[in-house]
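One-letter residues, chain by chain:
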Amino acid sequence: MSRETEGEESAPIRIVFEGTARIGEVMSTFKSITLKPEDFASPIALQMALTRIYDTLMRSITEIPKKTFIAEIKFTDSVGNTVVFAAELGTSPPPLPGAKVKARITVELFEEKSE
């Protein structure tokens, strides 16, 4: 992690993290399938989550599936927590050497100016 600041008083603060990314393919119809921690809170919550997944799968049968490339990016934040998020890369394979690559995450903090 590194921190950069500009010379001005209201200049943005940039924090850069280093992490890893795993690149893979996802069917576009499955992007809406999500499981959250609260889906495992009780048997009823899990049944409701499975019903959502089943509904999405049934809807996907009628649609033409399209593949898209996704990067699953992981890094450790400033207080030691593992952060995982996804970034869509488009429909063609990215020009990278393999499925596992390094990632650089830039966070920019700035004051929003109202006009």
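Scroll up for the structure.
Below is a short write-up of the structure. One numbering rule holds for all chains: residues counted from 1, following each sequence as written. With the structure being a predicted model, the display of local features is reserved for residues of pLDDT at least 70 and the display and counting of side-chain atom pairs for 80 or more, all residues being used for whole-chain, interface and lining totals. Note that the side-chain values use all heavy atoms of the structure and ignore hydrogens as well as water.

## So, the pairing of strand β3 (residues 67-76)
Successive side chains on a regular strand alternate, one facing one side of the sheet and the next facing the other. Bridge count between strand β2 (residues 13-27) and β3: nine bridges; the pairing is antiparallel. Within β3, the position partnered with V26 by the bridge is T68. Two strands are said to pair when DSSP picks up at least two bridges between them. Each helix corresponds to a stretch of at least 4 residues labelled H or I by DSSP, and each strand to a stretch of at least 2 residues labelled E; elements are numbered beginning at the N terminus. Strand direction decides the pairing type here: β3 and strand β4 (residues 82-90), joined by eight bridges, are antiparallel. Following the sheet pairing, K74 is matched in β4 by V84. Hairpin remark: β3 followed by β4, antiparallel, with five residues in the connecting loop; positive phi at G80, about 95°.

## Some points on the packing of aromatic side chains
Only centres within 6.5 Å qualify two rings of Phe, Tyr or Trp (six-membered ring in Trp) as a pair; their planes then separate them into stacked at under 30 degrees, edge-to-face at over 60, and tilted for everything else. Under the defined criterion, the tally for this structure stands at two aromatic pairs. Centroid distance F17 to F75: 4.9 Å. Interplanar angle 35°. Geometry classified as tilted. In this pair, F17 is assigned in strand β2 and F75 in strand β3, connecting sequence segments 58 residues apart. Take F17 and F75: they sit in the same class, and that class is buried. With centroids separated by 6.3 Å and ring planes inclined at 80°, the aromatic side chains of F75 and F85 adopt a geometry described as edge-to-face. Here F75, found in strand β3, pairs with F85, found in strand β4; they are ten residues apart in sequence, far enough to count as distant. The buried label applies to any residue whose accessible area, calculated with a 1.4 Å probe on protein chains only, is under 20% of its type's maximum; exposed applies above 50%, and partly exposed to all values in between. Here F85 falls in the partly exposed class, since its relative accessible area comes to 34%. One aromatic cluster is present, built from ring pairs that chain together F17, F75 and F85.

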